[in-house]
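Residues per chain are reported as follows:
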Amino acid sequence: MPTAPNGRRVAVINGLRTPFAKAGTLLRNVPPVDLARHVARELLYRTELRGKEVDEVIFGQVVPSVLTPNVAREVSLLPQFPRTVPAFSLNRACASAAQAVTAGYDQIVLGHADVVVAGGVESLSQVPILHSRRFSEILVSASKARSFAARLGAVLKTRPRDLIPITPAIAEPSTGESMGQSAEKMAKENGISREAQDQYALMSHQRAAAATADGRLTAEIVPWFREDSGGDVIATDNGIRPDTSLEALADLRPVFDRRYGSVTAGNSSPLTDGASAVVLMAEETAAALGYTPGTFIRSYAVSAVDPGWQLLMGPVFAVPQALDRAGIGWQDVDVFEIHEAFAAQVLSNEQAWGSREWAQRLGRTAPVGRVDWDKTNLAGGSIAIGHPFGATGARLVTTLTNTMIERDAQFGLISICAQGGMGFAMVLERR
Amino acid sequence: MSAFDVAIDDGIAVITFDLPDQPVNVLSADARREFETLFSELKADERVRALVIISGKPGTFIAGADIEEFTALDSQDAAEALSRTGQDMVTRLAESSKPIVAAIHGTCLGGGLELALACHYRIATDHPKTQLGLPEVQLGLLPGAGGCQLLPRLIGARAALDMILAGRSVRATKALRLGLVDELVSPAILGSVASRAARRMADRRERRRRRRGVAGWLLDANPLGRQLVYRGARKQVLSKTGGHYPAPLAALDAVRTGLERGMRAGLIVEHKKFGELAVGDVSRKLVEIFFATTALKKDDGVSPGSAAAADVDLIGVVGSGFMGAAIAGTAVTKAQVEVRLKDTDVNRVAQGVGAARAILKRRYTRRRITKHEFARLDALLSGTAGYEGFGQADLIVEAVFEELDIKRKVLAEVETQVRDDAIFATNTSTIPITDIAAGAERPEHVLGMHFFSPVEKMPLLEVIPGAATSPRAVATAVAFGKRMGKTVIVVRDRPGFWVNRLLAPYLNEAGHLLVEGTPIDAIDRAMTRFGFPVGPLTLLDEVGLDVAQKGGQVMREAYGERLDPPGVIDALLADKRQGRKSGGGFYAYRKGRKHHPDDAVYRLLGIRPAEAISPETIEQRLVYLLLNEAAMAMDEDVVRSARDGDMGAIFGFGFPPFRGGPLRLIDDLGANRVVDMLRGLESAFGPRFAPAPGLVGMAESGDRFYRDRE
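Conventions we followed
Residues numbered from 1 in each chain as written. Chains lettered and ligands numbered in written order. Predicted model: local features only at pLDDT ≥ 70, side-chain atom pairs only at ≥ 80, totals over all residues. Helix = DSSP H or I, 4+ residues; strand = E, 2+ residues; numbered from the N terminus. Rg over C-alpha atoms; globule rule 2.2 N^0.38 Å. Buried ≥ 20, exposed ≤ 12 C-beta atoms within 10 Å, placed from the backbone. Contact = placed C-beta atoms within 7 Å. Pairing = 2+ DSSP bridges. Axes fitted to C-alpha atoms, helices over the stretch in contact; angles between N-to-C directions. Nonpolar A, V, L, I, M, F, W, Y, C, P; charged D, E, K, R; others polar. Parallel < 35°, antiparallel > 145°, perpendicular 65-115°, else oblique. Left-handed = near helix turned anticlockwise from the far one by under 90°. Right-handed = clockwise from strand over helix to strand, strands pointing away. Expected span 1.5 Å × (residues − 1). pLDDT = per-residue confidence, 0-100.

Visitor: I tried to follow the overall build of chain B on my own but got confused; where do I start?
Guide: Of regular secondary structure, chain B possesses 30 helices and 20 strands. Taking 710 residues into account, the globule formula puts the C-alpha radius of gyration at 27 Å, and chain B, at 28 Å, falls close to it. Here the C-alpha coordinates of chain B stretch approximately 80 × 60 × 55 Å along the principal axes.

Visitor: Help me understand the overall build of chain A in this model?
Guide: Each helix and strand in chain A was counted, giving 14 helices and 12 strands. A globule of 431 residues ought to have a C-alpha radius of gyration of about 22 Å, and chain A, at 22 Å, matches this closely. When each of the 431 residues of chain A is scored for burial, the buried share is 53%. Across chain A, the fraction of contacts at a sequence separation of at least 24, relative to all contacts at a separation of at least 6, is 80%.

Visitor: Just to check I follow, could you spell out the sheet that holds strand β13 (residues 381-384) of chain B for this structure?
Guide: Strand pairs in the sheet, formed through backbone hydrogen bonds, run parallel or antiparallel to each other. Residues and elements named next belong to chain B. Spatially, β13-β12-β11-β14-β15-β16-β17-β18 is the arrangement adopted by the 8 strands of the open sheet, whose pairing is mixed. Two strands in the sheet have a free side with no partner beyond their single neighbour: β13 and β18 (487-490). Across this sheet, the average inter-strand angle for adjacent strands is 25°, counted without regard to direction.

Visitor: Sorry if this is basic, but what is going on with the interface of chain A and chain B here?
Guide: Accessible area lost when the parts come together is the quantity often used to give the size of an interface. Contact with chain A, which involves 15 residues of that partner, is made by 17 residues of chain B. Sorting elements by how many residues they give to the side of chain A that touches chain B places helix α1 (residues 32-47) of chain A first, with 5 residues. Each residue belonging to the side of chain A that touches chain B can be placed in one class, and the counts come to 7 nonpolar, 2 polar and 6 charged.

Visitor: Explain unusual backbone geometry here, please?
Guide: Trans peptide bonds make up the majority, and among non-glycine residues the majority have a negative phi. In the segment running from S453 of chain B into P454 of chain B, the intervening peptide bond is cis, with an omega of -5°. Looking at the secondary structure, you find P454 of chain B in the loop between β16 (446-451) and β17 (460-465). Even without glycine at this site, D408 of chain A takes up a positive phi of about 45°. By the secondary structure assignment, D408 of chain A is in the loop between α14 (392-407) and β11 (411-418).

Visitor: Help me understand the packing of helix α20 (residues 499-515) of chain B against helix α27 (residues 642-653) of chain B, please; the structure alone is not making it clear to me.
Guide: All names here are of chain B. The contact between α20 and α27 brings their axes to 9 Å, and the two run at 70°. One finds that α20 runs roughly perpendicular with respect to α27. Crossing of α20 against α27: the hand is right-handed. Mapping the contact onto sequence places V499, L502 and L503 in α20 and G648, A649, G652 and F653 in α27. The residue makeup of the contact of α20 with α27, split by class, is 5 nonpolar, 2 polar and no charged.

Visitor: Is there a simple way to explain the pairing of strand β11 (residues 314-318) of chain B in this structure?
Guide: Successive side chains on a regular strand alternate, one facing one side of the sheet and the next facing the other. All names here are of chain B. Counted residue by residue, β11 has 5 buried out of 5 residues, so it is predominantly covered. Both faces of β11 are covered, namely the face carrying L314, G316 and V318 and the face carrying I315 and V317. Sheet analysis places β11 next to strand β12 (residues 338-342), joined by 5 bridges and oriented parallel. By the bridge assignment, G316 is partnered in β12 with R340. With helix α14 (residues 322-335) bridging β11 and its parallel neighbour β12, the resulting β-α-β unit is right-handed. Strand direction decides the pairing type here: β11 and strand β14 (residues 395-398), joined by 4 bridges, are parallel. The residue bridging G316 from the neighbouring strand is I396, located in β14.

Visitor: Is there a simple way to explain the sheet that holds strand β9 (residues 170-171) of chain B in this structure?
Guide: All names here are of chain B. Ordered by their spatial adjacency, 4 strands build an open sheet running β4-β6-β8-β9, and the pairing between neighbours is mixed. The open sheet terminates on both sides in strands that have one partner only, identified here as β4 (60-62) and β9. Note that strand β8 (residues 131-133) and β9 share 2 bridges and pair antiparallel. Looking at β9, one finds that L132 is bridged to V170.

Visitor: How do you make sense of the environment of V85 of chain A when you look at a structure like this?
Guide: All names here are of chain A. Note on placement: V85 falls in the loop between α2 (71-76) and β4 (87-90). On the basis of neighbour count, V85 is assigned to the buried category, with 22 C-beta atoms found within 10 Å. Taking the C-alpha atoms as reference points, V85 and V127, 42 residues apart in sequence, are found 27 Å from one another. Leave out the neighbours within four places in its chain, and V85 touches G51, V54, E56, V57 and S76.

Visitor: Teacher, can you tell me more about the environment of V229 of chain B here?
Guide: Residue and element names in this part refer to chain B. Along the polypeptide, V229 turns up in helix α10 (residues 223-241). A residue is classified by how many C-beta atoms lie within 10 Å of it, and V229, with 23 of them, is buried. Residues V229 and V137 lie 92 residues apart in sequence; the distance between their C-alpha atoms is 19 Å.

Visitor: Mind showing me how you'd approach the packing of helix α6 (residues 157-166) of chain B against helix α11 (residues 247-261) of chain B here?
Guide: Angle between the axes and distance between the axes are the two parameters that describe a pair of packed helices. Residues and elements named next belong to chain B. Interaxial distance between α6 and α11 falls to 10 Å at its minimum, and their mutual angle equals 155°. Put simply, α6 runs roughly antiparallel to α11. Considering how the two elements wind past one another, α6 and α11 form a crossing that is right-handed. Facing A157, A160, L161, I164 and L165 of α6, the residues of α11 in contact are P248, A251, L252, V255 and L259.

Visitor: Could you clarify how one ought to interpret the pairing of β4 of chain A in this entry?
Guide: All names here are of chain A. Two strands pair when backbone bridges link them, and strand β3 (residues 56-60) and β4 are joined in this way by 4 bridges, in the parallel orientation. What sits directly across from I58, in β4, is F88. Where the polypeptide runs from β3 across α2 and back to β4, its parallel neighbour, the crossover connection is right-handed.

Visitor: Teacher, can you tell me more about α6 of chain B here?
Guide: Since there are 3.6 residues in each turn of an α-helix, residues three or four apart along the chain are aligned in direction. All names here are of chain B. α6 sits mainly inside the fold: 8 of its 10 residues count as buried. Within α6, the full set of buried residues consists of A157, R158, A159, A160, L161, M163, I164 and L165. Backbone geometry just after α6 places G167 at a positive phi near 65°.

Visitor: Quick question: what am I supposed to make of helix α8 (residues 190-202) of chain B here?
Guide: Residues and elements named next belong to chain B. For α8, built from 13 residues, the straight-helix expectation of 18 Å at 1.5 Å per residue is met to within 8% by its first-to-last C-alpha distance of 18 Å. Three or more residues of α8 are buried, namely L190, A194, S195, A197, A198, R199 and M201. At its buried positions, α8 is contacted by β2 (12-17), β3 (50-55), β5 (100-104), β7 (121-125) and β10 (183-185). Note on α8: the residue one or two positions beyond its end, R204, has a positive phi of about 60°.

Visitor: Which parts of the structure should I look at to understand the environment of A124 of chain B?
Guide: Residues and elements named next belong to chain B. Mapped onto the elements, A124 comes out in strand β7. In this structure, the C-alpha to C-alpha distance between A124 and L176, residues 52 residues apart in sequence, is 8.4 Å. Contacts of A124, omitting those with residues within four sequence positions, involve I104, T130, A172, A175, V181 and L184.

Visitor: When you look at the confidence of the model for chain B in this model, what are you seeing that I'm missing?
Guide: Close reading of the predicted structure is inappropriate where its pLDDT is low. On average, residues of chain B carry a pLDDT of 94, and 97% of them reach 70 or more. In the predicted complex, the global pTM is 0.92; the interface-specific ipTM is 0.91.

Have a look at this one:
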């Protein structure tokens, strides 16, 4: 399925993101909606695109703010857009921004839109914190009380433990297993060693540091001007450690299984704040408006596995499906972007794609493919750069597009593992 | 055609005021007469139990009196009579046994508010266009149709004086808080709520309630407290007006008499004072300025029909320094356009965006805009170290360092980044526009926009076409300047343009006076006494001596010896004194505020200050030199009209409005007297006082700058 049945092709014109900052650091005072608006506005300017050309705005966000539940609409209410641009927000866990991109693709292919701004945002510094159920009830009945006495009576029912807040956990609601525990389980069951994980994390940091230094990563970043500290400029990601070493990584203690574990803060992606977005256009619209497409979206696929099994193995299923839909094989792909939730997850996915046993499970005659690290994650990955859940997908589309332009690569592939046992894959093509 | 339409329904007469063929409602003599007749009929009409007054205009209730009528008043008696007519009308309304409800949407000013005050119930819309005020003192008058009596009785002496003495309008929410209106409603239901209120009042089910806080009781409700209020108000008026404007004190007198000795006595003071003020010189001047301002608002800056202004939705500002940031901030705040603020270094951009945002934020912290409006306007502003977004820009304002080569380089660079029809405005005070445009690929789109600092506060903008500038570019810059809230004058591309041209000899002369031993404060005091908001040396400290030095040199080169700077600024700069920004200039500053004339300046210049020169001589030397330069610039057609010249002087550097402007002042004094004075000064102080040839010609022919009057 190289192109849609009706012949409509969808171009990625341009992509941009904010700097990614570890949660609780540089961007901790910035509401996620501001990050999303900032990146979308700058994307319009950098694309020299007027908001009136845009037909739809789609944003992904995994932990939405209670106050701005449809963050995409807040974006499309920027004064740079006419007030008449519809917008929706979606949640495909860690693949949300990638889902936003393919949702935009769908709208364009269907002929419902010609130009879409798609992206994602997350602030893990500003997750909503909830009151306990009992305290919420007390507040509601107090607000409904008609007299002061009744109000006082309601409030007096409060017990100290009612005041303990509930913070959203990064855990599977269906199993109660945290994401890190899942990674730990995958490392053990798939025999991924601590050293292999640390080695992988080191590569991610070294590559991201190099790509920052030579400008490949900074080119996709719009600087953020900090209002809370007298106009400091943040122009790079603050999770990348150019000077880290195997020794330094080896010194870290496992977090999820302190005795026998191997997953550490060093070989996992950090909690991160950030936003990213891309401009998508129908091929003929791009031509009419005078834009040169960066890449075209050729296919995508989503899969899901039992979260109680190995939570982050979804990509093993999604990638071959996306390749099949694209009508190409693994060997045709010139550049890969694999989302790094954990080194243990990337290495487990790699193992499965390359294994005969897995080929059988997938009903294939041969393994999906062998990861060539000289074609994969060339600018580092989420372990070093960071992973704002809702934003990573559009970062990958941007980075892959830029790499494909730079290398004049024909095919590129994105693989993302997501909460809930889901996997997401997308194939981009240059011509 | 009738200005009033009446609909009677179930005992309620709704009077709709809609002046035919006029954009707004004003209480002209005709309209007033028609209203009075109508009111008498309705009073006698047995079907009518209560009345509602509402406007048929979309954005005004009643904008006030017809100011044209004031200019026609040829005697104090006639003016007094006009005031009495107004007073009689509001008295009849106030004393009506049938309740009257004012339904106010849009501007409700002057006579319009006085009419509303005479009603028994006021409903206003909670809409930003709804503004209520008594702006009469701004025209050198006082509210002469009972306003000085009714307003303090309704909202207390303190709040009433706040509104009357400054002529300041209040928005609907503030009006409700003050008790000026009884309720706020959405515009959609104004009419029906007003009718309902009228019916309720006719049924006598409604009683007016008044609330006063503790401060209100202490200050407004007892004679002792009111004395405090009067004294405070008087002091404030004197410090603000320097005693040059009689109207606020007259209004204070009318309010005070009314409150202390009764309504009748108050009304008499009110119309007597109105009569005096209306034919007085100050009011005449202020009314002229009002007309000139109105005319300038309608003036698109080019000869009629020659070009239309281009739409401006997005501007690029190049240079995120002090000026650039202030231009960006003002554009976002006032013109509400998208702004891309650009500089070469991203840290400088961030600084500039922060400074621009601070201008907007001030409006929010002062509650001029809501949190949501702030967020929307804030999102219009963004910064970049590249040219991203400039491809969509309609207008570029360049505010980089004042250096010809740099400005040319920026222009050349910008031209490669913008649309072919984008307009490029350079903000300069010293460099000829034609020189900057010389290397341009599209010089027809290049012109000057000379902003004054601080941009967000200074009301004037000079738009300067270069030799090749198209009328479209001029019209666009003028229109955009107006959207930024500026009074815009189009000025010829001559060194100094208009404002700095007039200031050059004036500021030089302050230096000469200082070198001759005149104390710093004596020089400044002579000019504040003349009516300037600040004296010339304070002005220099504010502008910055480095900036002034550069400007002075340019003027010297352009116009020769008569503008030779006296060397004072060089001496101060050699001592690292740049004015207020560096913490010291002619004055010493403490915490950024002017504190006292700095004796060190005298030592630096090797002089011993002595009040040897009389304040009159100081005034003559400074003022006549300025008048002479204005006449010279008029000879060179630097401005298009005397009106533009006077507006430029008043709004550009605070030439005393009650004197009407330098050209008006020459007309008032008579060119022959000005020439005589200059000749006298010339023989005493040197050739820089030699009268302008054009002025000499006018003295001989008896010609005037304003030929349309007298």
